[in-house]
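# Understanding the architecture of this molecule
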Amino acid sequence: MLKNKNILITILLFTAILIQLNTTCFATFIPVTDENLTDTFEKFESSEANKDNYNISVSNNVINITIDNENYVLNYDLTDKPTFSFELPIEKGMSYEEFKKQTDNLILPMLGYIAVANIQGVEFEDASIYFLLSYLESSFNGSLDSNNSYIIIDDLNTEDGTIIESNNQNTIYTSEFGDRVIEYVNAIYPETQNISDAKGANSYVFTVEKQDMTETSCKLVATLTVNTDADFSKLKEIVDSFIYSDITKENADYTITLKVGQKCKIKTTEKITGHGLYNGSCVEFTNDYSEITAIEVGEAKGYLYIGEEKKSIYITVEENTGNETLETITLTIGKIPETITPNEPVQEETVTQEQNNNKDKDNTVATTELPKAGLNNIMFFIIAGLVIFIIVIGINFKKYRDIR
């Protein structure tokens, strides 16, 4: 009986360990709801990742996106795996410029992916970069049928009136594009085209389909489905391997460690003209880049552009557990005179010895300089030294003789 009891306890312990390991290795997917999706898009709008200045609103399974006063609609479904879709009507008579502008928006479902990834704890910037990298990689690795490749020649906007002639039957001039747009779509887009990040985090499948085909119109439907079984924590690791992968905490020109709320002043002899940081949302620069404020826990790396050079920098922001008011630290770049102000170029000035002696003393800075001796002064010191040496030798010799 005791033996059976021990076996049962062993099985229970083993089961508990397996459950713990499974919980530790695979992050639980946080369900996406209308509420947290709306909140996430509101945060995205004001984030640095929103480089195209999207205005986004969510209601009734529809995401309205405004870009440059143009409105686009994403439909979404959260009942199973989060799915985002965008429909693009194609009609005979479209200009090439309009066609290009509209088809560039087929990638808009990526906004849904970025929002879902953020709900899982991934930074907007990381999710954006990851999606674009994986999307391009999958696109480039796809097969391309050279027989279906087309050449578009713009004969409507030539500056000198010169038009390139082509005998290729797959050449379309922009002046005739409206009549051949359906032909072009049929050649370029397969019935279904799948793009995924299966070689990465395996977190999405992106599909473009041709639907409702007629001789004068069709519809392109772009759909992105999020894989809820994916480990979204891998996204940052993959992005880190691409972005500024050569910059580490150990080899960066400058390394800064701050706590949330703490500031760092930058002193340099050259003007700082800008910066390029990966994951820069954890810190904030002043307009003249002379001061950094830690905003949130994280690590940022990249470059500071100083004068004609760029210097690598690695910033670590740690948690400020006691919410303390911390002393501002200073990062000195180059040899800085004590009187220089942060980020202010040094003005070289030639001052004569007489002018220097007549200057008023500055009580705020103590400066010590070695005397600048000329040739005559040097000879004087040498001769004086020899005289003193001879006198000392003479005195000692006299004492020695008297003793004798």
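Residues numbered from 1 in each chain as written. Predicted model: local features only at pLDDT ≥ 70, side-chain atom pairs only at ≥ 80, totals over all residues. Heavy atoms only, no water.

## A short note on the pattern of salt bridges
Applying the stated criterion across every chain yields a total of nine salt bridges. Here glutamate 176 and arginine 180 are joined by a salt bridge, their closest N and O atoms 3.0 Å apart. Residue glutamate 176 is classed as partly exposed on the basis of its relative accessible area of 27%. Since its relative accessible area comes to 17%, arginine 180 is described here as buried. We note a salt bridge from lysine 265 to glutamate 291, for which the minimum N-O separation is 3.1 Å. Linking lysine 265 in strand β11 (residues 263-268) with glutamate 291 in strand β14 (residues 291-294), this pair joins segments that are 26 residues apart in sequence. Where salt bridges share partners, they join Glu87, Asp212 and Lys219 into one cluster. (Salt bridge = Lys/Arg side-chain N within 4 Å of Asp/Glu carboxyl O. Buried < 20%, exposed > 50% of the residue type's maximum accessible area, 1.4 Å probe, protein only. Helix = DSSP H or I, 4+ residues; strand = E, 2+ residues; numbered from the N terminus.)

## Brief notes about the sheet that holds strand β13 (residues 283-285)
Across the sheet, which stays open at both edges, the four strands sit in the order β13-β14-β11-β17 with mixed pairing between neighbours. The outermost strands of the open sheet, each flanked by one partner alone, are β13 and β17 (329-333). The average angle at which neighbouring strand axes cross in this sheet is 25 degrees, direction not considered. With three bridges joining them, β11 and β14 adopt antiparallel strand pairing. Looking at the pairing, lysine 265 lines up with glutamate 291 of β14. (Pairing = 2+ DSSP bridges. Axes fitted to C-alpha atoms, helices over the stretch in contact; angles between N-to-C directions.)

## With respect to the side chain of asparagine 105
In this fold, asparagine 105 is placed in the loop between α3 (96-103) and α4 (110-119). For asparagine 105, the side chain forms a polar contact with the side chain of tyrosine 72, separated by 3.2 Å. Setting aside chain neighbours within four positions, we find asparagine 105 in contact with Ile67, Tyr72 and Phe86. (Polar contact = N/O pair within 3.5 Å; in protein donor to acceptor, adjacent residues only side chain to side chain. Contact = heavy atoms within 4.5 Å.)

## Quick word on the pairing of strand β15 (residues 298-306)
Buried residues dominate β15, accounting for seven of its nine residues. Examined bridge by bridge, strand β12 (residues 272-278) and β15 share six bridges and lie antiparallel to one another. Bridging across to β15, histidine 275 finds its partner in leucine 304. Where β15 meets strand β16 (residues 309-318), nine bridges bridge the pair, whose relative direction is antiparallel. From the neighbouring strand, leucine 304 faces β16, where its bridge partner is lysine 311. What sits between the antiparallel neighbours β15 and β16 is a turn of two residues, in which glycine 307 has the positive phi angle 60 degrees.

## Some thoughts on the environment of isoleucine 195
One can find isoleucine 195 in strand β7 (residues 192-196). Residues isoleucine 195 and threonine 207, 12 residues apart in the sequence, show an inter-C-alpha distance of 6.2 Å.

## A few points about a negative patch on the surface
A contiguous patch of negative charge on the surface is contributed by Asp34, Glu35, Asp39 and Glu42. Within the secondary structure, aspartate 34 sits in helix α2 (residues 34-45). Accessibility expressed as a relative area gives 38% for aspartate 34, which makes it partly exposed. (Patch = residues over 30% accessible without salt bridge, like charges linked within 9 Å, V, L, I, M, F, W, Y side chains within 5 Å. Areas by Shrake-Rupley, 256 points an atom, 1.4 Å probe, with all protein chains shown as cover. Lys, Arg positive; Asp, Glu negative; His and termini not counted. Charge placed at Lys NZ, Arg CZ, Asp CG, Glu CD.)

## What to know about the packing of α2 against α4
In contact at an axis separation of 9 Å, α2 and α4 are set at 105 degrees when each is read in the N-to-C sense. On the basis of their axis angle, the class for α2 and α4 is roughly perpendicular. Seen from α2, the contacting residues are Asn36, Leu37, Thr40, Phe41, Lys43 and Phe44; seen from α4, they are Leu111, Gly112, Ile114, Ala115, Asn118 and Ile119. Among the residues making up the contact of α2 with α4, the classes are represented as seven nonpolar, four polar and one charged. (Parallel < 35°, antiparallel > 145°, perpendicular 65-115°, else oblique. Nonpolar A, V, L, I, M, F, W, Y, C, P; charged D, E, K, R; others polar.)

## Quick look at the nonpolar core
Counting residues in each nonpolar core, the largest one holds 62 residues, and the members touching the most others are Ile63, Ile65, Ile90, Phe99, Leu108, Tyr113 and Phe232. No other element matches the eight residues that α4 contributes to this core. Apart from residues no more than four positions distant in its own chain, phenylalanine 232 is found in contact with Phe29, Tyr113, Ala117, Gln120, Val122, Ser203, Val226 and Asn227. Of all hydrophobic cores here, the second largest spans 20 residues; its members include Tyr254, Ile272, Ile313 and Ile333. (Core = buried A, V, L, I, M, F, W, Y, C linked by side-chain atoms within 4.5 Å.)

## Brief notes about the packing of aromatic side chains
Inspection of every chain in the model, using the stated rule, returns 18 aromatic pairs. With 5.6 Å between their ring centres and 75 degrees between their planes, phenylalanine 99 and tyrosine 184 make a pair best called edge-to-face. Here phenylalanine 99 is found in helix α3, whereas its partner tyrosine 184 is found in helix α6 (residues 177-188), with 85 residues between them in sequence. Judged by relative accessible area, tyrosine 184 falls into the buried class, the value being 12%. (Phe/Tyr/Trp six-rings, centres within 6.5 Å; stacked < 30°, edge-to-face > 60°.)

## A look at the pairing of strand β10 (residues 254-259)
The side-chain alternation of β10 yields one buried face, formed by Tyr254, Ile256 and Leu258, and one unburied face, formed by Thr255, Thr257 and Lys259. Pairing of β10 with β16, which is carried by six bridges, proceeds in the parallel orientation. Pairing of threonine 257 across the sheet is with threonine 316, part of β16.

## Examining the environment of aspartate 80
Counting through the fold element by element, aspartate 80 comes out in the loop between β3 (70-77) and β4 (83-91). For aspartate 80, a relative accessible area of 64% puts it in the exposed group. Taking C-alpha positions, aspartate 80 is 9.1 Å from threonine 228, a pair spaced 148 residues apart along the chain.

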